[in-house]
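The residues making up each chain are set out below.
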Amino acid sequence: MRAKDAMWIFLAALVLRLGVLVWEGPTQRHFGDDDEQMYAKYARSLAKRGTLEMPPRYPDSARLKAFRPPLLPLLWAPLWAEGNLVPIRLLLALLGAATALATAWVAGQLFGRREALWAGGMAAGYPMLTWLSVRLLGETPCILALTLSLGCALKGKPRWALASGALMAVAALSRSALSGFFPISLLWLAVRSRRQAALYAA
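Residues numbered from 1 in each chain as written. Predicted model: local features only at pLDDT ≥ 70, side-chain atom pairs only at ≥ 80, totals over all residues. Heavy atoms only, no water.

S.K.: Help me understand the pattern of salt bridges, please; the structure alone is not making it clear to me.
M.R.: Two side chains carrying opposite charge are able to pair once their charged atoms lie near each other. In this structure the tally under the stated criterion is five salt bridges. For Glu115, the salt bridge goes to Arg114, with nearest N and O atoms at 3.8 Å. The exposure class assigned to Glu115 is partly exposed, which follows from its relative accessible area of 30%. Taking relative accessible area as the criterion, Arg114 reaches 60% and is therefore assigned exposed. (Salt bridge = Lys/Arg side-chain N within 4 Å of Asp/Glu carboxyl O. Buried < 20%, exposed > 50% of the residue type's maximum accessible area, 1.4 Å probe, protein only.)

The following block contains the structure:
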(Lines give C-alpha, C1' and ligand atoms only; values in the text may rest on other atoms or scores of the structure.)
Protein backbone atom coordinates (compact mmCIF):
# COMPACT_ATOMS: atom_id res chain seq x y z
CA MET A 1 0.00 0.00 0.00
CA ARG A 2 1.36 3.40 -0.96
CA ALA A 3 1.94 6.22 1.51
CA LYS A 4 -0.60 8.37 -0.33
CA ASP A 5 -3.24 5.63 0.02
CA ALA A 6 -2.54 5.35 3.73
CA MET A 7 -2.81 9.12 4.17
CA TRP A 8 -6.21 9.31 2.48
CA ILE A 9 -7.61 6.36 4.42
CA PHE A 10 -6.47 7.87 7.72
CA LEU A 11 -7.77 11.35 6.87
CA ALA A 12 -11.15 10.03 5.70
CA ALA A 13 -11.57 8.00 8.88
CA LEU A 14 -10.51 10.92 11.07
CA VAL A 15 -12.83 13.41 9.36
CA LEU A 16 -15.81 11.08 9.86
CA ARG A 17 -15.01 10.62 13.53
CA LEU A 18 -14.45 14.31 14.12
CA GLY A 19 -17.75 14.94 12.35
CA VAL A 20 -19.53 12.72 14.84
CA LEU A 21 -17.78 14.55 17.68
CA VAL A 22 -18.90 17.92 16.39
CA TRP A 23 -22.45 16.65 15.86
CA GLU A 24 -22.65 15.26 19.39
CA GLY A 25 -20.81 18.16 20.95
CA PRO A 26 -17.29 17.18 22.08
CA THR A 27 -17.53 19.24 25.26
CA GLN A 28 -20.53 17.34 26.59
CA ARG A 29 -20.04 16.40 30.22
CA HIS A 30 -22.53 13.58 30.48
CA PHE A 31 -21.72 9.94 29.81
CA GLY A 32 -23.69 7.59 27.59
CA ASP A 33 -23.79 4.63 29.96
CA ASP A 34 -22.49 3.17 33.21
CA ASP A 35 -19.30 1.86 31.59
CA GLU A 36 -18.26 5.37 30.57
CA GLN A 37 -18.98 6.65 34.06
CA MET A 38 -16.88 3.89 35.59
CA TYR A 39 -13.93 4.52 33.28
CA ALA A 40 -14.18 8.23 34.14
CA LYS A 41 -13.97 7.42 37.85
CA TYR A 42 -10.87 5.28 37.29
CA ALA A 43 -9.22 7.98 35.18
CA ARG A 44 -9.99 10.60 37.82
CA SER A 45 -8.62 8.32 40.53
CA LEU A 46 -5.39 7.85 38.58
CA ALA A 47 -5.07 11.54 37.83
CA LYS A 48 -5.78 12.69 41.39
CA ARG A 49 -4.41 9.89 43.58
CA GLY A 50 -2.35 7.68 41.28
CA THR A 51 -4.44 4.58 42.00
CA LEU A 52 -7.26 2.61 40.41
CA GLU A 53 -10.11 2.39 42.88
CA MET A 54 -13.39 0.52 42.74
CA PRO A 55 -16.46 2.78 42.51
CA PRO A 56 -18.09 2.67 45.98
CA ARG A 57 -21.55 1.62 44.81
CA TYR A 58 -20.32 -1.94 44.18
CA PRO A 59 -20.64 -4.35 47.12
CA ASP A 60 -17.08 -5.67 46.73
CA SER A 61 -15.53 -2.20 46.67
CA ALA A 62 -13.80 -2.76 50.00
CA ARG A 63 -12.02 -5.82 48.60
CA LEU A 64 -11.50 -5.00 44.92
CA LYS A 65 -9.52 -2.10 43.52
CA ALA A 66 -10.63 -2.29 39.89
CA PHE A 67 -13.46 -3.86 37.96
CA ARG A 68 -12.50 -2.71 34.45
CA PRO A 69 -9.20 -3.25 32.59
CA PRO A 70 -6.75 -0.37 33.09
CA LEU A 71 -5.62 0.71 29.59
CA LEU A 72 -8.28 3.35 28.92
CA PRO A 73 -7.89 4.99 32.35
CA LEU A 74 -4.10 4.98 31.85
CA LEU A 75 -4.54 6.80 28.53
CA TRP A 76 -7.12 9.14 29.98
CA ALA A 77 -5.44 10.11 33.25
CA PRO A 78 -2.66 12.29 31.70
CA LEU A 79 -5.37 14.13 29.74
CA TRP A 80 -7.72 14.47 32.69
CA ALA A 81 -9.35 17.85 33.08
CA GLU A 82 -12.41 18.11 35.31
CA GLY A 83 -15.49 18.49 33.16
CA ASN A 84 -13.53 18.52 29.88
CA LEU A 85 -13.86 15.44 27.67
CA VAL A 86 -12.37 16.96 24.52
CA PRO A 87 -8.78 15.63 24.92
CA ILE A 88 -9.74 12.00 25.49
CA ARG A 89 -12.40 12.08 22.76
CA LEU A 90 -9.85 13.45 20.29
CA LEU A 91 -7.35 10.76 21.28
CA LEU A 92 -9.91 8.01 20.77
CA ALA A 93 -10.90 9.50 17.40
CA LEU A 94 -7.23 9.33 16.36
CA LEU A 95 -6.97 5.72 17.52
CA GLY A 96 -10.16 4.88 15.63
CA ALA A 97 -8.77 6.43 12.45
CA ALA A 98 -5.55 4.48 12.95
CA THR A 99 -7.64 1.28 13.09
CA ALA A 100 -8.84 1.91 9.53
CA LEU A 101 -5.23 2.28 8.45
CA ALA A 102 -4.24 -0.91 10.29
CA THR A 103 -7.11 -2.76 8.61
CA ALA A 104 -5.80 -1.70 5.20
CA TRP A 105 -2.32 -2.89 6.18
CA VAL A 106 -3.62 -6.34 7.12
CA ALA A 107 -5.70 -6.62 3.94
CA GLY A 108 -2.70 -5.57 1.86
CA GLN A 109 -0.64 -8.39 3.33
CA LEU A 110 -3.35 -10.96 2.71
CA PHE A 111 -4.45 -9.85 -0.76
CA GLY A 112 -3.16 -6.73 -2.46
CA ARG A 113 -3.38 -2.97 -2.91
CA ARG A 114 -6.94 -2.88 -4.27
CA GLU A 115 -8.27 -5.03 -1.43
CA ALA A 116 -6.33 -2.92 1.08
CA LEU A 117 -8.04 0.21 -0.21
CA TRP A 118 -11.47 -1.41 0.00
CA ALA A 119 -10.85 -2.75 3.51
CA GLY A 120 -9.42 0.54 4.74
CA GLY A 121 -12.30 2.49 3.25
CA MET A 122 -14.89 0.19 4.76
CA ALA A 123 -13.24 0.36 8.18
CA ALA A 124 -13.04 4.14 7.89
CA GLY A 125 -16.75 4.50 7.20
CA TYR A 126 -18.23 1.54 9.08
CA PRO A 127 -20.90 3.11 11.34
CA MET A 128 -20.28 0.96 14.43
CA LEU A 129 -16.52 1.57 14.38
CA THR A 130 -17.11 5.28 13.87
CA TRP A 131 -19.57 5.39 16.76
CA LEU A 132 -17.28 3.40 19.08
CA SER A 133 -14.37 5.70 18.29
CA VAL A 134 -16.04 8.60 20.07
CA ARG A 135 -17.32 6.60 23.04
CA LEU A 136 -15.33 6.61 26.27
CA LEU A 137 -14.89 2.84 26.20
CA GLY A 138 -12.03 0.37 25.90
CA GLU A 139 -13.15 -1.06 22.56
CA THR A 140 -11.30 1.45 20.38
CA PRO A 141 -7.75 0.83 21.71
CA CYS A 142 -8.58 -2.87 21.90
CA ILE A 143 -9.62 -3.14 18.25
CA LEU A 144 -6.56 -1.18 17.11
CA ALA A 145 -4.19 -3.37 19.13
CA LEU A 146 -5.85 -6.56 17.87
CA THR A 147 -5.65 -5.45 14.24
CA LEU A 148 -2.00 -4.50 14.57
CA SER A 149 -1.34 -7.80 16.35
CA LEU A 150 -2.83 -9.71 13.41
CA GLY A 151 -0.77 -7.70 10.95
CA CYS A 152 2.42 -8.48 12.86
CA ALA A 153 1.52 -12.16 13.13
CA LEU A 154 1.06 -12.38 9.37
CA LYS A 155 4.71 -11.41 8.88
CA GLY A 156 5.64 -14.87 10.16
CA LYS A 157 9.01 -13.89 11.63
CA PRO A 158 10.16 -14.16 15.26
CA ARG A 159 10.53 -10.44 15.94
CA TRP A 160 7.11 -9.76 14.41
CA ALA A 161 5.65 -12.61 16.47
CA LEU A 162 7.03 -10.93 19.59
CA ALA A 163 5.43 -7.66 18.57
CA SER A 164 2.17 -9.49 17.88
CA GLY A 165 2.17 -10.97 21.36
CA ALA A 166 2.92 -7.62 22.97
CA LEU A 167 0.04 -6.01 21.09
CA MET A 168 -2.26 -8.83 22.11
CA ALA A 169 -1.31 -8.10 25.72
CA VAL A 170 -2.14 -4.42 25.16
CA ALA A 171 -5.52 -5.47 23.78
CA ALA A 172 -6.16 -7.61 26.86
CA LEU A 173 -5.40 -4.60 29.06
CA SER A 174 -8.23 -2.86 27.25
CA ARG A 175 -10.72 -5.76 27.13
CA SER A 176 -9.87 -8.51 29.61
CA ALA A 177 -12.15 -11.05 27.89
CA LEU A 178 -9.39 -11.43 25.27
CA SER A 179 -7.19 -13.28 27.74
CA GLY A 180 -8.90 -16.50 26.76
CA PHE A 181 -7.65 -16.12 23.20
CA PHE A 182 -3.97 -16.26 24.17
CA PRO A 183 -3.69 -20.08 24.02
CA ILE A 184 -5.43 -20.10 20.62
CA SER A 185 -3.05 -17.46 19.31
CA LEU A 186 -0.01 -19.39 20.53
CA LEU A 187 -1.29 -22.56 18.89
CA TRP A 188 -1.88 -20.74 15.59
CA LEU A 189 1.61 -19.23 15.66
CA ALA A 190 3.14 -22.63 16.41
CA VAL A 191 1.32 -24.32 13.50
CA ARG A 192 2.22 -21.49 11.13
CA SER A 193 5.88 -21.60 12.17
CA ARG A 194 6.07 -25.35 11.59
CA ARG A 195 4.53 -25.02 8.14
CA GLN A 196 6.99 -22.32 7.17
CA ALA A 197 9.90 -24.37 8.49
CA ALA A 198 8.73 -27.33 6.40
CA LEU A 199 8.52 -25.12 3.29
CA TYR A 200 12.03 -23.80 3.83
CA ALA A 201 13.37 -27.31 4.39
CA ALA A 202 11.79 -28.51 1.13
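S.K.: Teacher, can you tell me more about the packing of helix 1 (residues 3–24) against helix 5 (residues 113–125) here?
M.R.: How two helices pack is summed up by the angle between their axes together with the distance between the axes. Direction vectors running N to C along helix 1 and helix 5 enclose 15°, while the axes themselves pass 8 Å from each other. Classed by the angle they form, the pair helix 1 and helix 5 counts as roughly parallel. In terms of crossing hand, the pair formed by helix 1 and helix 5 is right-handed. Of helix 5, the residues touching helix 1 (which contributes Asp5, Ile9, Ala13, Leu16 and Arg17) are Arg113, Ala116, Leu117, Gly120, Ala123, Ala124 and Gly125. (Axes fitted to C-alpha atoms, helices over the stretch in contact; angles between N-to-C directions. Helix = DSSP H or I, 4+ residues; strand = E, 2+ residues; numbered from the N terminus. Parallel < 35°, antiparallel > 145°, perpendicular 65-115°, else oblique. Left-handed = near helix turned anticlockwise from the far one by under 90°. Contact = heavy atoms within 4.5 Å.)

S.K.: Looking at this structure, how should I read the packing of helix 4 (residues 86–110) against helix 5?
M.R.: The geometry of helix 4 relative to helix 5 is characterised by a closest axis approach of 7 Å and an angle of 155° between their N-to-C directions. Taken together, the axes of helix 4 and helix 5 lie roughly antiparallel to each other. Considering only the axes of helix 4 and helix 5, their crossing is right-handed. Of the residues in helix 5, those touching helix 4 at Ala100, Thr103, Ala104, Ala107 and Gly108 are Glu115, Ala116, Ala119, Gly120, Ala123 and Ala124.

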